[in-house]
Amino acid sequence: MSVLRVVLGDQLSFELSALVDLDAKRDVVLMMEVVEETTYVPHHKQKIVLVLSAMRHFADQLHQRGVRVDYVQLDAPDNSGHFTTEVQRAVARNRPDRLVVTEPGEWRVQTMIEGWQVLTGVPVEVRADDRFFATRARFAAWTQGRQTWRMEHFYREMRREHALLMEGDRPAGGQWNYDAANRKRLPARAVLPPRRRFAPDATTREVMALVERRFGDHFGGLEQFGWPVTRADALIALDDFIAHGLANFGDYQDAMKAGAPFVFHALLSPAINLGLLSPREVCRAAQAAWLSKSAPLNAVEGFVRQILGWREYVRGVYWSLMPDYADSNALQATRKLPAFYWTGETEMRCLREAIGSTARHAYSHHIQRLMVTGNFALLAGVAPREIERWYLAVYADAYEWVEMPNTLGMAVFADGGQMASKPYAASGAYIDRMSDFCARCAYDVKQKTGPKACPFNYLYWAFLIRQKDRLADNPRLAMPYRTLTAWPPERRQAILAEADAFLDQLEAKDKLSGVTY
Ligand code: FAD
Ligand code: DLZ
Ligand code: SF4
């Protein structure tokens, strides 16, 4: 009985459910580099290099363990370019009795796998992805009978279930959540830790050349590539973060600083999402740092919440609500994505910084994604699908199961409140409070209207005015709507006109420049 075990590009874990009962004498592992995956969105060049290089290293390590790997390289002469046709070809080559695969991270790929049995004539077994703390079924059970699916409630169950940061049945330190302590602005003289980056080895350099040759017109640069592409390097990156970043992670989690895109963040999502690190070992390493008193509880709880809470929760939301979720547009937003998301050419310094680090590193941290690029798309009324495809393309850690709920649910409120209790809409004052961007911006964050006024200011109020029918009843927005009601109608009209003029001018400029992807 020989089994063909399919390992997808983000399933690079030796403990993968599709590999647990592998028989090295009889079985074959199939790995496929296919152009369909490298181009279904115009991925940042670093993301393609990361995935392909990590796949090649993983295949080498399987070889070293005596496993037979049928590896299809992107430039192989007969490569058909699609998962399904490559699986058909591999079945013809290897003549297996069965196919085994771990459930994929994207709906799109799941629908492909559903066709494999009929197309190949070989039985296909799809196994749960037990690298996550919660299976899809566990999340679905949690949603039963609940009107709202708040992350915090799910997170508490996960803490209990996985005994992380617990003292018996009580949360460590007596509180479940220390978020209130985690919103400090970075002091001007704060010393940021140097970050452990990894120089490309021969395999990565080979993939870089391939990517420049085949995808040279894709977004972003390769010069700063420093992501770990093996488990060994990913473990070094984890140790480095625990030793030098974690202690301050909590305090400065929301802080932004020009020229310092990483602040105290972990930079671990690319490795975790590929499978090089397990979320369990990352959370345990953080807990151990707290137990050994090398990091305070507000930092460790804040960090564990991102992984045990948010990461698991967004995956649950994705699989519970797909495929309809992808078309969510509760706020009826229709604008095209401004071209500066691809070029970084804007006078708005906060956006220039966030998009610049995205281009250089295929990374920006959560608050830059949520409160700068996401907030602008929300306030400008960019069509959810446009901004969603952008996030999926530009970040090294982006896969639909995690990116889509973060974008549609958190950043642009396209799901109408399934995830967030209110839109994360903010004026320039928030960005000014949490960063040093505004001090040297062409716009003035203190001015509310006029040619020098920070666009986030009038866009924020125009957004609330336009969305009044949908949002005014939200108790968490009672205060700004009370403010708006007190304004004379002419003031509201003037704000709307100014916001429209700004956005129309942006659109007109984009039409002239013709930048598209
Ligand atoms: P840290 O801030 O140090 O956090 C530690 C870990 O927690 C991360 O490595 C990640 O595994 C997890 N985490 C933190 N926040 C989230 C979250 N909201 N959802 C899921 N996991 C989280 N994350 C992705 O992994 N892939 C994406 O495609 C992605 N797209 C996003 C799009 C938008 C619009 C927003 C607002 C957020 C998105 N995130 C995404 C979540 C978050 O921004 C990244 O996980 C984080 O910035 C990764 O950097 P880090 O490893 O330094 O994380
Ligand atoms: C992201 C990506 C890229 C760029 N290329 C490949 C590839 O050539 N082969 C592969 O197996 N996986 C790739 N991936 C990751 C897949 O897109 C990912 O496995 C699916 O989106 C399912 O989550
Ligand atoms: Fe961004 Fe406005 Fe600050 Fe400029 S002034 S950096 S546009 S928030």
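Up top is the structure these notes are about.
**Brief notes about the environment of Ala 24**
Here Ala 24 lies in the loop between β1 (3-6) and β2 (28-32). Between the alpha carbons of Ala 24 and Ala 172 there is a distance of 44 Å; along the sequence they are 148 residues apart.

**As for the nonpolar core**
Within the largest apolar cluster, 162 residues are counted, with the highest numbers of intra-cluster contacts made by Tyr 313 and Phe 376. Sort the elements by how many residues they give to this core and helix α13 (residues 297-321) lands first, with 12 residues. Apart from residues lying up to four places away in sequence, Tyr 313 is in contact with Phe 139, Trp 142, Trp 149, Arg 150, Met 151, Phe 154, Gln 418 and Met 419. One finds Leu 4, Val 91, Val 101 and Met 112 within the second-largest nonpolar core, a separate group that totals 20 residues.

**Considerations on empty space enclosed by the protein**
Inspection of every chain in the model, using the stated rule, returns five cavities of 30 Å³ or more. Estimated volume of the largest cavity: approximately 320 Å³. Surrounding the largest cavity, 22 residues form its lining, Gly 9, Glu 37, Val 51, Phe 83 and Tyr 399 being those nearest its centre. No other element matches the five residues that helix α2 (residues 45-64) contributes to the lining of the largest cavity. Each pocket or cavity is described by its volume, and for the second largest cavity that value is around 160 Å³. Lining the second largest cavity we find 18 residues, and of these Asp 10, Asp 129, Arg 131, Phe 132 and Asn 273 sit closest to its centre. Elements supplying a minimum of two residues to the lining of the second largest cavity: α11 (269-274) and α13. Counted by class, the lining of the second largest cavity contains six nonpolar, six polar and six charged residues. When residues are assigned to domains, the lining of the second largest cavity turns out to be shared by domain 1 (3-127) and domain 2 (136-193 + 245-321), each giving three or more.

**Let's talk about the packing of aromatic side chains**
Applying the stated criterion across every chain, the model contains 29 aromatic pairs. For the ring pair Tyr 318 and Trp 319, a centre distance of 5.0 Å and an interplane angle of 85 degrees mean the geometry is edge-to-face. A residue is classified by how much of its surface remains accessible, and Trp 319, at 11% relative accessible area, is buried. Aromatic pair Phe 340 and Tyr 341: ring centres 5.2 Å apart, planes at 15 degrees, arrangement stacked. Of the two residues, Phe 340 and Tyr 341, neither departs from the other in class, the shared state being buried.

**Points about the sheet that holds β1**
Reading across from one edge, β3-β2-β1-β4-β5 is the order of the five strands in this open sheet, with parallel pairing throughout. One side of each edge strand has no neighbouring strand; the edge strands of this open sheet are β3 (68-72) and β5 (124-127). Each neighbouring strand pair of the sheet contributes to a mean axis angle of 25 degrees, computed without reference to strand direction. The pairing of strand β4 (residues 98-102) with β5 spans four bridges and is parallel. Bridged to Val 100 within β5 is Glu 125. On the sheet, α2 packs against β2 and β3 and is oriented at approximately 155 degrees with respect to β3.

The rules we used
- Residues numbered from 1 in each chain as written.
- Chains lettered and ligands numbered in written order.
- Predicted model: local features only at pLDDT ≥ 70, side-chain atom pairs only at ≥ 80, totals over all residues.
- Heavy atoms only, no water.
- Helix = DSSP H or I, 4+ residues; strand = E, 2+ residues; numbered from the N terminus.
- Core = buried A, V, L, I, M, F, W, Y, C linked by side-chain atoms within 4.5 Å.
- Buried < 20%, exposed > 50% of the residue type's maximum accessible area, 1.4 Å probe, protein only.
- Contact = heavy atoms within 4.5 Å.
- 1 Å grid on protein atoms, 1.4 Å probe; cavity = no way out; pocket = protein on both sides within 12 Å on 5 of 7 lines; lining within 4 Å.
- Points joined across faces, edges and corners; volume = space filled by probe spheres on them.
- Nonpolar A, V, L, I, M, F, W, Y, C, P; charged D, E, K, R; others polar.
- Domains from an automatic or database assignment.
- Phe/Tyr/Trp six-rings, centres within 6.5 Å; stacked < 30°, edge-to-face > 60°.
- Pairing = 2+ DSSP bridges.
- Axes fitted to C-alpha atoms, helices over the stretch in contact; angles between N-to-C directions.

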